[in-house]
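Structural description and commentary
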Amino acid sequence: MYQYLRPLLFAFDAETAHRATIRALALLPPRALPIFPPSLTSEIAGLTFPSPVGLAAGFDKDGEVPDAMPGLGFGFVEIGTLTPRPQEGNPRPRLFRLVEDQAVINRMGFNNRGQDDALTRLKRRQLRGLVGVNIGANKDSADRIADYVAGVRAMAPVADYLTVNISSPNTPGLRNLQAGGELVDLLGAIAGARTPGGPPVFLKVAPDLEPGDHERIVRAAIDALIDALIVANTTISRPPLKSRHAGEAGGLSGAPLKPLALDSLRAFRSASGGELPLIAAGGIASADDAWERIIAGASLVQLYSALVYHGPGLARRIADGLAERLSERGMSSIAEAVGSG
Ligand SMILES: Cc1cc2nc3c(=O)[nH]c(=O)nc-3n(C[C@H](O)[C@H](O)[C@H](O)COP(=O)(O)O)c2cc1C
């Protein structure tokens, strides 16, 4: 089906096609949560994930269609990034398809309608699929740490988990929060804002780190009781690319990010020795890609860019492919495969 839809969507600029997709998904009648093979169920940070294949942040920034996504085969959905106050983001065009590279460059700049707007909508949700809420800071904020604290307080009541996103390349200076002292201050403030019984908190990092950063981030995360790391966001690096959009500024995702994201995951696995659950993202487009991340130490995977090229059936195909790999190897659960490579 997607082979017929794709040329139509690709006839429009990437952001127009994306908005049309969200509108169409919002019109779908509610569907029951999908049933996955039991071997795909895993417990991470006190949550039960029915499949390890999730939707990465940025697709449904405002939480408009979280209940439509499980119907497409996702075991969990991450909405956001949401900032405390609404903001427009960067001027358009700011989203580019790099078709020859099976990649995307975006410099959206946290365009979103703000946390209050999403909160109202999320309170009305009907299905109970797992929804994570990814939070960030406003571009013009005088106190970015205060924005994350506000995000934890505001969104915890409607989030199965929260993701602290300090790795977007499109808000100037945001990634400095990954640096030593700033990270410790941020994570300390977030720990202070959490309440007993509240959702687990994940930290999302960039793939563009220096040697030594991985150990330091793992230590700070464990000390501040962070529940998992998401590895990784888009990259500011530019591996060789063929597309005419290769020179656009912003974060690169999709196939060219795959080697970098895998290396980064391996570095975090070796730094954490399995002490901190890892969630892999970056260029995952097949069951082989997802399996490679899982055996390298990821407990869950997320994807976004590959949906543009392979269509909405991809998450279910990956989930089924993972279940097959488990059974071929005589493994009864994803947990058995995590880090086994
Ligand atoms: C258009 C676009 C917008 C994104 N927006 C966000 C965002 O708001 N917050 C975030 O944490 N990650 C965002 N991401 C990053 C993705 O969540 C993901 O980490 C990255 O794209 C790598 O995965 P992929 O190669 O499967 O796309 C965005 C990615 C794309 C392509």
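On a predicted model such as this, the values are computed, not experimentally measured, just so you know.

About the cut-offs
Residues numbered from 1 in each chain as written. Predicted model: local features only at pLDDT ≥ 70, side-chain atom pairs only at ≥ 80, totals over all residues. Heavy atoms only, no water. Helix = DSSP H or I, 4+ residues; strand = E, 2+ residues; numbered from the N terminus. Buried < 20%, exposed > 50% of the residue type's maximum accessible area, 1.4 Å probe, protein only. Lys, Arg positive; Asp, Glu negative; His and termini not counted. Salt bridge = Lys/Arg side-chain N within 4 Å of Asp/Glu carboxyl O. Near = heavy atom within 4 Å. Polar contact = N/O pair within 3.5 Å; in protein donor to acceptor, adjacent residues only side chain to side chain. Nonpolar A, V, L, I, M, F, W, Y, C, P; charged D, E, K, R; others polar. 1 Å grid on protein atoms, 1.4 Å probe; cavity = no way out; pocket = protein on both sides within 12 Å on 5 of 7 lines; lining within 4 Å. Points joined across faces, edges and corners; volume = space filled by probe spheres on them. Right-handed = clockwise from strand over helix to strand, strands pointing away. Pairing = 2+ DSSP bridges. Axes fitted to C-alpha atoms, helices over the stretch in contact; angles between N-to-C directions.

**A short note on the side chain of Lys61**
Checked against the element boundaries, Lys61 lands in the loop between β3 (53-55) and β4 (76-82). Nearest to the buried, unbridged Lys61 among oppositely charged side chains is Asp62, at 8.5 Å.

**Comments concerning the site of the ligand**
By nearness alone, 23 residues border the ligand, and Ala57, Thr81, Lys204, Gly283 and Ser305 come closest of all. In this structure, Lys204 approaches the ligand through a side-chain N or O atom, which is 2.8 Å from an oxygen atom. When contributions to the shell around the ligand are tallied by element, the ones reaching two or more residues are β4, β6 (103-106) and β11 (251-254). Here the residues of the shell around the ligand sort into eight nonpolar, 13 polar and two charged.

**Thoughts on the layout of surface pockets**
Reported here for the second largest pocket is a volume of approximately 400 Å³. Every element with two or more residues in the lining of the second largest pocket is listed here: α2 (14-27) and α3 (115-123). Class assignment for the residues of the lining of the second largest pocket results in 11 nonpolar, three polar and six charged.

**Some details on the pairing of strand β9 (residues 201-205)**
Burial runs high along β9: five of the five residues are buried. Taking every second residue as pointing to the same face, both faces of β9 are buried, with Val201, Leu203 and Val205 on one and Phe202 and Lys204 on the other. Once you follow strand β8 (residues 161-165) into helix α5 (residues 180-193) and on to β9, the crossover reads as right-handed. Bridge count between β9 and strand β10 (residues 228-231): four bridges; the pairing is parallel.

**Topic: the sheet that holds β11**
Spatially, the three strands line up as an open sheet ordered β5-β6-β11, and their pairing is antiparallel. Looking at which strands have only one partner, the edges of the open sheet turn out to be β5 (95-98) and β11. Within this sheet the neighbouring strands show an average axis-to-axis angle of 20 degrees, counted without direction. As paired strands, β5 and β6 are joined by four bridges and run antiparallel to one another. The residue bridging Arg97 from the neighbouring strand is Val104, located in β6.

**Things to note about the environment of Gln102**
Summarising the element assignment, Gln102 is placed in the loop between β5 and β6. A residue is classified by how much of its surface remains accessible, and Gln102, at 30% relative accessible area, is partly exposed. A C-alpha to C-alpha distance of 8.9 Å links Gln102 and Ser253, two positions 151 residues apart in sequence.

Geometric descriptors of this kind do not, in isolation, establish any biological role.
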